[in-house]
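# Examination of the molecular architecture
Here's the letter readout for the chains.
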Amino acid sequence: DVNTRLRRLVASFQRQQRKLEQQETQKLNDAKRKERNAAAQKKKDARKAELEMKWSKREELDFMKTICSFGVVKSDEEGKEHSWTTFRSLAKLEKKSDERLTAYYKEFFQACQR
């Protein structure tokens, strides 16, 4: 009677220990998975930023055609800021940010002045 109780206690203790070990390994695996996902997301964001910075030939040609045909609308009186909303839709450059369009416009303008 005492022997069976002792066996049951030992078996219960071993089951509980296995459960705890499984929970710990699951936590470790979850942490590793989160780290991998974070690294993958960081890599994806870096690639997206790189693609935003890089202009394809089609985008460059569309930019040039739209500049030559329609020009750029200035949004302030001094002429330092540009309104890119209509230009972006005309040139099919919806993926480009205002900063990238302004930077490319400055580069384009400097190249034209040479």
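Rules used in this analysis
Residues numbered from 1 in each chain as written. Predicted model: local features only at pLDDT ≥ 70, side-chain atom pairs only at ≥ 80, totals over all residues. Heavy atoms only, no water. Disulfide = S-S within 2.5 Å. Salt bridge = Lys/Arg side-chain N within 4 Å of Asp/Glu carboxyl O. Helix = DSSP H or I, 4+ residues; strand = E, 2+ residues; numbered from the N terminus. Buried < 20%, exposed > 50% of the residue type's maximum accessible area, 1.4 Å probe, protein only. Axes fitted to C-alpha atoms, helices over the stretch in contact; angles between N-to-C directions. Parallel < 35°, antiparallel > 145°, perpendicular 65-115°, else oblique. Contact = heavy atoms within 4.5 Å. Nonpolar A, V, L, I, M, F, W, Y, C, P; charged D, E, K, R; others polar.

## Quick look at the state of the cysteines
Inspection of the entire model under this criterion finds zero disulfides. With no disulfide of its own, cysteine 68 has cysteine 112 as its nearest cysteine by sulfur position, at a separation of 7.3 Å.

## Some points on the pattern of salt bridges
Applying the stated criterion across every chain yields a total of four salt bridges. Of the charged contacts in the structure, one is a salt bridge between aspartate 30 and arginine 33, with a shortest N-O distance of 2.8 Å. Here the residue aspartate 30 and the residue arginine 33 both occupy positions in helix α1 (residues 2–53), the gap between them amounting to three residues, near one helical turn. Here aspartate 30 falls in the partly exposed class, since its relative accessible area comes to 27%.

## Some points on the packing of helix α2 (residues 57–70) against helix α4 (residues 98–113)
Contact geometry for α2 and α4: axes closest at 12 Å, N-to-C directions at 70 degrees. If you check the angle between α2 and α4, you find them roughly perpendicular. Where α2 approaches α4, its residues Glu60, Phe63, Met64 and Ile67 are matched on the opposing element by Leu101, Tyr104, Tyr105 and Phe108. Grouping the constituent residues of the contact of α2 with α4 by class yields seven nonpolar, no polar and one charged.

## Considerations on unusual backbone geometry
Phi angles above zero are rare outside glycine, and lysine 92 is one such case at about 60 degrees. Tracing the sequence through the fold places lysine 92 in the loop between α3 (85–91) and α4.

Treat this as a map of the structure, not an account of what it does.
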